Amino acid sequence: MPCSIWFSVLMGIAVLACGLIVNHYLPILSKYGFLLPRGTFGWPLLGETLCFVSPHPSNSIGLFLQDHCSRYGKVFKSHLFLSPTVVSCDQELNYYILQNEDKLFQCSYPKAIHGILGEKSMLVAVGETHKRLRSVALSLVNTIKANPDFLSDIETTAIQILESWKDKRGVIFCDEARKYTFNVIVKQVLGLRPDQPQTRKILEDFLTFMRGLISLPLYIPGTPFARAVKARRRISSRVRAIIEERRRISGEDSKSERNGFLDTLLCVGTLSEDEKVSFVLDSLLGGYETTYLLMAMVVHFLAQSPSALQQLKVINESLRIGNVVKFVHRKALKDVKFKGYWIPSGWKVLPVFSAVHLDQSLHANALQFYPWRWETQDQTCKKFTPFGGGSRCCPGSELAKVEVAFFLHHLVQNFRWRTEDGDHPIAYPYVEFHRGLMLNIERL
């Protein structure tokens, strides 16, 4: 009897394994067969995901893409994030994907990302829901731009951060940049000052949230992912309380001081209460994470090229060579033919921005930090997409550049700095600095 039980268990395992293998490789046998891009599916279940996301300097495309592009070309098939995938390092296909959002392709992030961001997040929403949320986002960005205190708030925050350096010989710049961008965005979105207790509590939870966003999606107590989900709930609860308080004050006193962003958001009748809370979280995330990374990139690359200090074009060049966003997730909504290749409906599609930004055939001396190229190069061209493109292009991209420009202006007027050897931006694929970008500073 025990032998028969063990035999049944082993047979069950064998059948399951065979099923996983067949399911993994079956998409290769689609009706398009040899018309699919060349490539390989790697190991069953895992595919080539671990190699694709392996750490590498963010100003390179990494060994995986180098190898696959040399073997299969700029468009190839693979199996990534548990899905059959077409990877595009081709500027024309990338542009085609971005311009055909919700027509031929659709945003399709892994379920784990949905678990942390929330199902009502604009970052994962699709179709009419995304269009509705994006329309509100554009309106609120214009509200911030129109705020007469916006520029003075940014400048005041930058000066406060730099003043705190006056007696220091070194700073961990990523920490300082996080502090700066968070204080700016929390003031613009929630009307909170840096010295308020709520600001500190939200920042603590936000850091936990961000660590979970780039962790393994294991909802086990104590893991970064589980802590991030809980942190998001706490942030949502605090944001909901702030919204209720703002609504109460506005109702009691029509002459009360208004926070443009929040008051405008409260008046949007097309959003549910949960969507408004999620919208605030999206705004905090968008105004914090990518902006602080861009600041760190600029300061890092300027340390290698001091002669470019007076060139505000360093922001574009840092975006190009630093690649804050390496790629985005899409899926094909129908069978798509492009340049003789077929992309089957339902397959994941990954347009890789960094591959285009670092393509030697598109950018002269592409691996060199050279801000002066932007004196003649158009920043709206197909070969430069640091903020995405099409209907999902980041609505706050210009605000981010303004923040960085203000900080950079005061930084170069007051300090000189050197970075430490070996502290480079690394793509995991999310970008970070190993040691937080330690700067040795000298006040002018």
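Refer to the structure presented above.
Structure report, in brief.

What counts and what doesn't
Residues numbered from 1 in each chain as written. Predicted model: local features only at pLDDT ≥ 70, side-chain atom pairs only at ≥ 80, totals over all residues. Heavy atoms only, no water. Helix = DSSP H or I, 4+ residues; strand = E, 2+ residues; numbered from the N terminus. Contact = heavy atoms within 4.5 Å. Areas by Shrake-Rupley, 256 points an atom, 1.4 Å probe, with all protein chains shown as cover. Salt bridge = Lys/Arg side-chain N within 4 Å of Asp/Glu carboxyl O. Buried < 20%, exposed > 50% of the residue type's maximum accessible area, 1.4 Å probe, protein only. Patch = residues over 30% accessible without salt bridge, like charges linked within 9 Å, V, L, I, M, F, W, Y side chains within 5 Å. Phe/Tyr/Trp six-rings, centres within 6.5 Å; stacked < 30°, edge-to-face > 60°. Pairing = 2+ DSSP bridges. Axes fitted to C-alpha atoms, helices over the stretch in contact; angles between N-to-C directions. Expected span 1.5 Å × (residues − 1). Arc of directions from axis to C-beta. Core = buried A, V, L, I, M, F, W, Y, C linked by side-chain atoms within 4.5 Å.

So, on to the overall build of the protein. Broken down by element type, the protein carries 15 helices and 13 strands. Expressed as a percentage of contacts within the protein between residues at least 6 apart in sequence, the contacts between residues at least 24 apart total 68%. Total accessible area computed for the protein in this model is approximately 21,200 Å², and 58% of it derives from carbon and sulfur atoms.

A separate point is the pattern of salt bridges. Enumeration over the complete set of coordinates arrives at 22 salt bridges. The partner of Lys 74 in a salt bridge is Asp 359, and the shortest N-O contact between them spans 2.6 Å. Of this pair, Lys 74 sits in the loop between α3 (62-72) and β2 (75-80) while Asp 359 sits in the loop between α14 (353-357) and α15 (397-414), and the two are 285 residues apart along the sequence. Asp 359 sits in the buried class, given a relative accessible area of 11%. Among the salt bridges present, the one from Arg 248 reaches Glu 245, with a minimum N-O distance of 2.6 Å. Here Arg 248 and its partner Glu 245 are both found in helix α10 (residues 224-252), three residues apart, which amounts to about one turn of the helix. Each member of the salt-bridge network shares a partner with another, and the members are Glu 101, Arg 330 and Arg 392.

A cluster of nonpolar residues, Trp 43, Leu 46 and Leu 50, forms a patch on the protein surface that exposes about 410 Å² of accessible area. With respect to the secondary-structure elements, Leu 50 resides in helix α2 (residues 49-52). A relative accessible area of 60% means that Leu 50 is categorised as exposed.

Before going further, it helps to spend a moment on the packing of aromatic side chains. Summed over all chains, the structure comprises 22 aromatic pairs. Here Phe 52 and Phe 327 contribute two aromatic rings whose centre-to-centre distance is 5.1 Å and whose plane-to-plane angle is 65°, an arrangement assigned as edge-to-face. Here the residue Phe 52 occupies a position in helix α2, and Phe 327 occupies one in the loop between α13 (314-322) and β6 (330-332), the gap between them amounting to 275 residues. The class of Phe 52 is buried, set by a relative accessible area of 2%. Phe 327 sits in the buried class, given a relative accessible area of 10%.

Below, the discussion takes up the sheet that holds strand β4 (residues 105-107). One open sheet holds the five strands; their spatial order is β2-β3-β9-β6-β4, and the pairing between them is mixed. Because the sheet does not close on itself, it has two edges, and the strands there are β2 and β4. Within the sheet, the average angular offset between the axes of one strand and its neighbour, ignoring direction, is 35°. As judged from the two bridges shared by β6 and strand β9 (residues 348-351), these two strands associate in the antiparallel manner. The partner of Lys 331 across the bridge, within β9, is Lys 348.

For helix α7 (residues 150-163), built from 14 residues, the straight-helix expectation of 20 Å at 1.5 Å per residue is met to within 8% by its first-to-last C-alpha distance of 20 Å. Taken together, the buried positions of α7 are Phe 150, Asp 153, Ile 154, Thr 157, Ala 158, Ile 161 and Leu 162. Angular distribution of buried residues about the axis of α7 spans 160°; they occupy a single face of the element.

Moving on, we come to the environment of Phe 387. Mapping Phe 387 onto the fold places it in the loop between α14 and α15. Phe 387 sits ten residues away from Ser 397 along the chain, and the two C-alpha atoms are 6.7 Å apart. Ignoring any residue separated from it by four or fewer positions in sequence, one finds Phe 387 in contact with Leu 319, Arg 392, Cys 393, Cys 394, Ser 397 and Lys 401.

What follows covers the nonpolar core. Membership of the largest hydrophobic core comes to 106 residues, with the highest contact counts inside it found for Trp 165, Phe 173, Leu 190, Phe 279 and Phe 407. Considering each element in turn, this core owes the most residues, 17 residues, to helix α12 (residues 273-304). When near neighbours in sequence (up to four residues on either side) are disregarded, Phe 279 contacts Met 122, Leu 133, Val 136, Ala 137, Leu 140, Phe 261, Leu 265 and Leu 271. Counting 14 residues, the second-largest nonpolar core is a separate cluster that includes Val 75, Val 86, Ile 97 and Val 336.

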